[in-house]
There are 2 protein chains.
Amino acid sequence: MSSRSAGRGEGRPTLEAVAALAGVGRGTVSRVVNGAVGVSPRARTAVEQAIAELGYVPNRAARSLATSRADAIALIVPETETRLASEPFFASIIRGVASEISDTELQLLLILVSTERERRRLAGFLDGRRVDGVLMVSVHADDPVVELLERTGLPTVLGGRRSELEPISYVNPDNLGGAWSAVRHLLGLGRRRVATITGPLDMEASCVRLEGYRRALAEAGVPAEAELVAHGDFSEASGERAMTELLEREPGVDAVFVASDLMAAGAMRALRRAGRRIPADVALVGFDDAPLARHTEPPLTTVRQPSEEMGRAMARLLLEEIAAPGRSHRQVILSTELVVRESA
Amino acid sequence: MSSRSAGRGEGRPTLEAVAALAGVGRGTVSRVVNGAVGVSPRARTAVEQAIAELGYVPNRAARSLATSRADAIALIVPETETRLASEPFFASIIRGVASEISDTELQLLLILVSTERERRRLAGFLDGRRVDGVLMVSVHADDPVVELLERTGLPTVLGGRRSELEPISYVNPDNLGGAWSAVRHLLGLGRRRVATITGPLDMEASCVRLEGYRRALAEAGVPAEAELVAHGDFSEASGERAMTELLEREPGVDAVFVASDLMAAGAMRALRRAGRRIPADVALVGFDDAPLARHTEPPLTTVRQPSEEMGRAMARLLLEEIAAPGRSHRQVILSTELVVRESA
DNA sequence: CGGAAAGTTGGGAGCGCTCCCACTTTTGCG
DNA sequence: CGCAAAAGTGGGAGCGCTCCCAACTTTCCG
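Before going into details, it helps to say that this report is about the structure given with it. This is a predicted model, so every value here is computed, not measured. In this numbering scheme, every chain counts its residues from 1 along its sequence in written order. Whichever chain is written first is A, and whichever ligand is written first is 1; the rest continue in order. Totals for whole chains, interfaces and linings use all residues, but because this is a predicted model, local features are given only for residues with pLDDT of at least 70 and pairs of side-chain atoms are given and counted only at 80 or more.

Before going further, it helps to spend a moment on the interface of chain A and chain B. Each partner contributes to the interface: chain A provides 43 residues, whereas chain B provides 43 residues. By definition, any uninterrupted DSSP run of H or I lasting at least four residues is a helix, any uninterrupted run of E lasting at least two residues is a strand, and each is numbered from the N terminus. Among the elements that line the side of chain A that touches chain B, the one with the most residues is helix 6 (residues 88-100) of chain A, at six residues. Here the term charged refers only to Asp, Glu, Lys and Arg, the term nonpolar to Ala, Val, Leu, Ile, Met, Phe, Trp, Tyr, Cys and Pro, and the term polar to all other amino acids, Gly among them. Of the residues belonging to the side of chain A that touches chain B, the class tally is 20 nonpolar, eleven polar and twelve charged. The contact criterion used here is simple: two residues whose C-beta atoms, placed from the backbone, lie within 7 Å are in contact.

Written out as structure tokens, the structure is:
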């Protein structure tokens, strides 16, 4: 490619080489490179020139070794690529995180883990302190990756806690309130056979949304029936499946609170196939306010959770934790909001 | 969290500590850790015990510095999170790459770059040799990131070349043949007003698909008309826009070759809005064979490109390049195949 | 039974950088 | 003009690991 200086790693100029060329000491070059004060203009110029001439770029591994900082953070998503791509929630999180760290020197590394092998490799990576901190979303209750994180002692922030007494810092949407207001809305519409499609129950968010559903029902004096609860895994296909099941078990259902928009889209498909009109026959409320909620037919009434803001908050917490390690963990709860469109 | 040995980086046990505890030399410990041969069972046991007792984990930065290997590769996607999530092509690539490197020690790092800031940060990251090689997809003609890659001299493989005389190793689908067969199919159906919606023209794939369209037309003796060509950017919205435009300019259009399935989905929406039946009034062929092609109404006839296999091939080339650096660049062309469903 | 070959082992010499201290030069002020 | 303080500078001492060689054991074979 360009000049000989580029090619193999061996040939790359070092700090020392720059120092020699500029006729100064290593310390001075280091100071210039790191923008430290206390360097005479003359020396600075000489060094800058030498750097330019040699095409010098600091070796991060060496810097890492010396400073024990990695200048990178990882966003771990324990899901398959397919889920990453199909779930808009992740995109928003990434966007939030990226925007929050944009004025730091931290490189964001996205890491997908779904197999045992990948988990082991990740362990080596984290143990080797290749990042300064870790963000993790889509946390399942007994995810071994979290244990891994606890063991490494790396600053960590979860997007979605595992339980109410989560010992790690986390950012959570107000799942309970969100679900509760969704179901109240359905009840307010006069619906009485209100079903729900939950997410995977090994995630706290799913359980809490279910709990919100139950409380709203209880408050309204409507008895909760087991037949009205179906389970999905947040995927569109699972929503379709769950809705079909619900329709079979309880043909009289007139409203459904679905724990995610993607599943709601699936549910819509099932309803349409069964010839039910939305919302005339069955009213539907989703959760997330994903972009697709606007484009369903009819547009989906849903609980807005501020995903991008979640990402931002996660990054903020992590930065604080990296800056002041050892401080006790913290949590942030972000409020949710019902967005009424046409499906309910 | 666990024992005191975990907490802050400072306290982590080193090779030397293990050696001391095991009563052997540093070299022996290193050999055990790296699974080298030539260690007596006795020493090996002692070392393993010491490692377990201390909870020793090698520091990667130090290893990196000593070996000048990073044990990681980056997959760079110069797009926004939104595009990453909405374009299923990326998910397949990731899956392919992940599966191909699954039995290596390499950690896959996903890096999104869309702003100038992020580009600068990436430069520092790559220059610092934090990865052993780079894969990049969605390459636009004049993308500054590619120049960056060339400058760093890091082993690199592109998913999609920039032009026919691409000096970097790459994996490409047979865009020309794919587009050509799609349009031939349309022509074979007796359609004569065949339009096309292209991708962004700063990508080689878009240009070549357009070229394939033109050739098929030319071979059939059908004159190419500028009015029949509209441009998109591979997004669904752009497909919808382009189709609307096409319909205005050329109401008599009876077939469209769309350069991506996502755009085709958008085009379908525009057609439906305009009251055209698919394929009766307008036949449609997409490109990619993304999962969504199966679920459109009607299911989309499309050109299948083996995205996952592309990811795999990219990883394979990169591994070779890392193993034998300096070898001249190589390329792989994967064939495409027309999948006939109901839209054409 | 001796010596060469094979099997093990310890540890020095870096890898390229930052940190920090001691030293030199410059500056400021009485 | 002299001296103390401030500013600027060089380079040693690591950071934790791998590489490699010299040295020591053990084994093998004539």
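Past the structure itself, the notes keep going.
Okay, the protein's contact with DNA strand C next. DNA strand C sits among 26 residues. The nearest are Leu-15 and Ala-62 of chain A together with Gly-25, Gly-27 and Ser-40 of chain B. When contributions to the surface near DNA strand C are tallied by element, the ones reaching two or more residues are helix 2 (26-33) and helix 4 (60-67) of chain A together with helix 2 (26-33), helix 3 (41-54) and helix 4 (60-67) of chain B. With five residues, the single largest contributor to the surface near DNA strand C is helix 4 of chain A. Considered class by class, the residues forming the surface near DNA strand C number eleven nonpolar, eleven polar and four charged. Whether a residue is near a molecule or strand depends on its C-beta atom, placed from the backbone, lying within 6 Å of it.

A few words on the sheet that holds strand 9 (residues 283-288) of chain B. Residues and elements named next belong to chain B. Any two strands are treated as partners once DSSP identifies two or more bridges connecting them. An order of 7-6-8-9-10-12 is seen for the six strands of this open sheet, with the pairing classed as mixed. Each edge of the open sheet carries a strand with a single partner, namely strand 7 (229-231) and strand 12 (337-339). Within the sheet, the average angular offset between the axes of one strand and its neighbour, ignoring direction, is 20°. The pairing of strand 9 with strand 10 (residues 301-304) spans four bridges and is parallel. Axis angles are defined between N-to-C directions and span 0 to 180 degrees, where every axis is a line fitted to C-alpha atoms and, for a helix, only to the segment in contact.

A few words now on the protein's contact with DNA strand D. Of all residues adjacent to DNA strand D, which total 26 residues, the nearest are Gly-25 and Gly-27 of chain A together with Leu-15, Ala-62 and Ala-66 of chain B. Among the secondary structure elements, those contributing two or more residues to the surface near DNA strand D are helix 2, helix 3 (41-54) and helix 4 of chain A together with helix 2 and helix 4 of chain B. The leading source of residues in the surface near DNA strand D is helix 4 of chain B, at five residues. For the surface near DNA strand D, the residue count by class is eleven nonpolar, eleven polar and four charged.

Residues and elements named next belong to chain A. Between helix 2 and helix 3, the least distance of the axes is 10 Å, while the angle of their chain directions is 85°. In terms of orientation, helix 2 and helix 3 fall into the roughly perpendicular class. Seen from helix 2, the contacting residues are Thr-28, Val-29 and Val-32; seen from helix 3, they are Ala-43, Arg-44, Val-47 and Glu-48. Counted by class, the contact of helix 2 with helix 3 contains four nonpolar, one polar and two charged residues. Comment on the angle field: the value is read as roughly parallel under 35 degrees, roughly antiparallel over 145, roughly perpendicular from 65 to 115, and oblique elsewhere.

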